[in-house]
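# Overview (structure and organization)
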Amino acid sequence: MLHTPPSAREKYLYLETFGCQMNVSDSEKIVDLLKEIGYRLTQDSSQADLIILNTCSIRSKAEHKVYSQLGRYRELKSLNGDLILGVGGCVAQQEGERLLKKVPYLDIVFGTHNLHLLPEMVRAAETGERSAEVAFIDGEIRLDLFPAVDAGAEVSRFVTVMQGCDNFCAYCIVPHVRGREISRRSADILSEIRGMAKRGTREVTLLGQNVNSYGLKSSGELDFAALLREVARIDGIERIRFTTSHPRDISPGLIACFADLPKLCSHIHLPAQSGSDRILSLMNRGYTRGDYLAKVASLKEARPGIQITGDMIVGFPGENEDDFAQTLQLMEEVDYADLFSFIYSARPGTRAAEFDDELGRREKQERLAMLQSQQRERTQKRGRSFVGTCQQVLVEGNSKRGGQLTGRTSGNRVVNFPGDCTLVGRVVGVRIARAYPNSLLGELI
Ligand code: SAH
Ligand code: SF4
Ligand code: F3S
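Notes on the structure follow. These figures come from a predicted structure and were not determined experimentally.

### Some points on the site of ligand 3
For ligand 3, the full set of nearby residues is C20, N23, C56, S57, I58, C90, R178 and Q209. Grouping the amino acids of the shell around ligand 3 by side-chain chemistry returns 4 nonpolar, 3 polar and 1 charged.

### Some remarks on the pattern of salt bridges
One side chain can pair with another of opposite charge once the charged atoms of both are near each other. Taken as a whole and judged by the stated rule, the model has 30 salt bridges. We note a salt bridge from K217 to E181, for which the minimum N-O separation is 3.6 Å. In this pair, K217 sits in the loop between β10 (203-207) and α8 (224-232) while E181 sits in the loop between α6 (174-178) and β9 (182-183), placing the two residues 36 residues apart along the sequence. Judged by its relative accessible area of 13%, E181 falls in the buried class.

### Let's talk about the site of ligand 2
Around ligand 2, the structure places C165, N167, F168, C169, Y171, C172, V174, P175, Q209, H246 and R285. The residue makeup of the shell around ligand 2, split by class, is 7 nonpolar, 3 polar and 1 charged.

### Some words on unusual backbone geometry
Note the cis peptide between T243 and T244, where omega equals 5°. With respect to the helices and strands, T244 occurs in the loop between β11 (239-243) and α9 (252-260). Positive phi values are uncommon outside glycine, yet N284 reaches one of about 65°. Mapped onto the secondary structure, N284 falls in the loop between α10 (277-282) and α11 (289-302). Given the relative accessible area of 30%, N284 is considered partly exposed.

### Considering the packing of aromatic side chains
Aromatic rings considered in pairs are described by the distance between their centres and by the relative angle of their planes. Counted under the stated rule, the structure contains 7 aromatic pairs. When the ring of F316 is compared with that of Y344, the centres are 5.4 Å apart and the planes differ by 70°; the resulting orientation is edge-to-face. On the criterion of sequence distance, the pair formed by F316 in the loop between β13 (307-314) and α12 (321-334) and Y344 in the loop between β14 (338-343) and α13 (361-385) is long-range, its members being 28 residues apart. Take F316: its relative accessible area is 1%, and that puts it in the buried class.

### A closer look at the packing of α8 against α9
Between α8 and α9, the shortest axis-to-axis distance is 8 Å and the interhelical angle comes to 25°. Here α8 is positioned roughly parallel relative to α9, judged by the angle of their axes. The crossing of α8 and α9 is right-handed. Between α8, through F224, A225, L228 and R229, and α9, the contact on the second element is made entirely by G253, L254, A256, C257 and D260. Split by residue class, the contact of α8 with α9 holds 6 nonpolar, 1 polar and 2 charged.

Procedures and definitions
- Residues numbered from 1 in each chain as written.
- Chains lettered and ligands numbered in written order.
- Predicted model: local features only at pLDDT ≥ 70, side-chain atom pairs only at ≥ 80, totals over all residues.
- Heavy atoms only, no water.
- Near = heavy atom within 4 Å.
- Nonpolar A, V, L, I, M, F, W, Y, C, P; charged D, E, K, R; others polar.
- Salt bridge = Lys/Arg side-chain N within 4 Å of Asp/Glu carboxyl O.
- Helix = DSSP H or I, 4+ residues; strand = E, 2+ residues; numbered from the N terminus.
- Buried < 20%, exposed > 50% of the residue type's maximum accessible area, 1.4 Å probe, protein only.
- Phe/Tyr/Trp six-rings, centres within 6.5 Å; stacked < 30°, edge-to-face > 60°.
- Axes fitted to C-alpha atoms, helices over the stretch in contact; angles between N-to-C directions.
- Parallel < 35°, antiparallel > 145°, perpendicular 65-115°, else oblique.
- Left-handed = near helix turned anticlockwise from the far one by under 90°.
- Contact = heavy atoms within 4.5 Å.

The quantities given are spatial measurements derived from coordinates; they are silent on function.
Rendered as structure tokens:
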């Protein structure tokens, strides 16, 4: 008699991803790994046999979100005793084994270097065993654990070029939860991109916490500017982006790429974090306001019209009115196309967590509101300046609004326009008709 053993029954994975693109990329890898032991992705948490939260710890709010989600899944667990619950990513790395104690109904805790152990841990959990694995893996051996070439065929894809961060900015938890910086081998990166290009990818975004220091610590490896030049030689790849850049490590060679490589998009995300030298020094950023502005000027000279975006932290311990005024002034001088801004959040184990933080919550919120309202105006003004112009748009797919296509300009503005889906994957000319706060509306030329 034929029958299906229980282990061969289709099992469902519900996966929630928080935080940055690193986690999004790790989540792709998690899906691949768990597929191999029979788990299929579901969008319905009540159907799940396994729920995994891939978490972020960058600010305390992100960490709190994890605990509130876990609270929700506790109810599902009380309805289904076999449901397995796992936490990965940066909160898992930060808390380790402690998390199993804090959350008694949790089965699995896996750190940012331990994705490859997950199938084994899930199998153990299927037999009722709880486990935590958060050891860092340093050196060459880690390179073999990087996400394998996957079969994605999207028009635009992220490609991890390095992991970890050695910068230890005083406020930041990333070096503590992602471990030491390591660059992938350029040969692996280039062959992965060649494969993507063959499958239809037209744009790649090279990804790392600090891409500008790519290769510098691996002997005989290309540096980041040389890597960009090699990527630009790949047939089929029409656009190249990268994120994130550390202002200290922007080299003249990298700036020259903006002058020489037409495939390199006219956009750079260059977080300043503050406009005050005193605060930048306390933050351990390794550059002054003057250094930052000089690099911005060189970038604008190398690529006229380049769109510069950034990140800013307000209310860093010790930030006074004058420091804050300098931040606003820097924003004006750079004329950011867009800006992400955050209230400083003390993170466990970081140097700034030991600093006296005397500024009240209300003052910090007022500073943030002022900064954001100034930037909102600047962003909208920039948007309106595109109305009537013709932009080259790489069509990425259908927009959320039915019947329209969506893509981005070289400067990274989202453009929606009516058109046929056969245009997906092509660069087309679009005349901009209207500017909305987060996108442009246009028509095909
Ligand atoms: N590696 C990138 C970004 C890391 S995190 C870089 O170096 O630019 C993304 C942003 O979160 C940072 O640029 C910073 O603006 C913000 N951030 C990081 N730690 C923070 C903290 N403790 N409080 C508030 N904002 C923080
Ligand atoms: Fe954090 Fe600084 Fe590293 Fe960016 S460069 S991840 S802000 S420590
Ligand atoms: Fe968050 Fe970790 Fe990314 S802390 S921002 S998910 S590296």
